[in-house]
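# Breakdown of the fold
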Amino acid sequence: MNEFDDAEDILFEVDALISQEKIVEAKKMLYEVLSNFPDYCKAHNHLGWIYHQKMTNYTKAETHFKLALKYAKDYFSPYMNYSYFLIDLGKYNEMITFGEHSLKVKGVDEGTILNQMAKVYELKNNLETAYSFYEKAKIKSTASGYIEEINASLYRVKEKMNLFQKIKYIFR
């Protein structure tokens with residue numbers, strides 16, 4: 001039996017509340033879980049997501065994402081969620097560093113992290129590097145919908161490149 005079994009059961013209820021847009025109730029339940037299990041990474045990850053996506057309290061979101069990452073053992077969602085958070089806040093350099101670290105963690109979704117890093121390079125107008133990272137993300141991804149999204153990103157970046165960049169990239 002896992003020390004977090006009771007917390008896992010509550011997490012299913014929390015997910016149901018979130019899908020019903022009962023965010024305040026979900027948040028209260030997550031804090032109850034943390035009062036009993038302060039190192040339960042999934043609760044911190046959910047709170048980080050709620051504060052980021054639903055309540056736009058970025059300070060609390062960052063706190064909970066960092067705690068989720070601290071306590072993450074074989075739960076990898078915080079890596080993806082924190083990467084989206086960093087980009088939304090325009091913390092591009094921090095996202096690159098975080099991405100490089102995340103790619104060394106066994107079990108992390110490399111396709112998602114590489115895609116997020118590619119977005120950063122694209123947003124910084126480093127189009128050749130962005131294109132390269134989108135290609136790497138595509139190789140590490142298996143979901144066909146996600147691959148279609150990456151293909152659209154590859155096309156978009158190629159369209160942004162000037163002629164010199166396109167030629168340089170072809171002959172790399």
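The following paragraphs examine the structure supplied in this document. (Residues numbered from 1 in each chain as written. Predicted model: local features only at pLDDT ≥ 70, side-chain atom pairs only at ≥ 80, totals over all residues. Heavy atoms only, no water.)

Taken together, the side chains of Leu163, Ile167, Ile170 and Phe171 define a hydrophobic patch exposed on the protein surface, amounting to about 490 Å² of accessible area. Inspection of the secondary structure assignment puts leucine 163 in helix H10 (residues 163–170). (Patch = residues over 30% accessible without salt bridge, like charges linked within 9 Å, V, L, I, M, F, W, Y side chains within 5 Å. Areas by Shrake-Rupley, 256 points an atom, 1.4 Å probe, with all protein chains shown as cover. Salt bridge = Lys/Arg side-chain N within 4 Å of Asp/Glu carboxyl O. Helix = DSSP H or I, 4+ residues; strand = E, 2+ residues; numbered from the N terminus.)

The next thing to look at is the side chain of glutamate 62. Relative to the assigned elements, glutamate 62 resides in helix H4 (residues 58–71). By relative accessible area, which is 16% here, glutamate 62 ends up buried. If we ignore the near neighbours within four places in the chain, the residues touching glutamate 62 are Tyr82, Phe85, Lys91 and Glu94. (Buried < 20%, exposed > 50% of the residue type's maximum accessible area, 1.4 Å probe, protein only. Contact = heavy atoms within 4.5 Å.)

What follows covers the packing of helix H7 (residues 110–123) against helix H8 (residues 127–139). Two quantities define a packed helix pair, namely the angle between the axes and the distance from one axis to the other. At a closest axis distance of 8 Å, the pairing of H7 and H8 adopts a crossing angle of 165 degrees. The orientation of H7 relative to H8 falls into the category roughly antiparallel. For the crossing formed where H7 meets H8, the hand is left-handed. Counting all contacts with H7, which are made through Gly111, Leu114, Asn115, Met117, Ala118, Lys119, Tyr121 and Glu122, the residues of H8 involved are Leu127, Thr129, Ala130, Phe133, Tyr134, Lys136 and Ala137. (Axes fitted to C-alpha atoms, helices over the stretch in contact; angles between N-to-C directions. Parallel < 35°, antiparallel > 145°, perpendicular 65-115°, else oblique. Left-handed = near helix turned anticlockwise from the far one by under 90°.)

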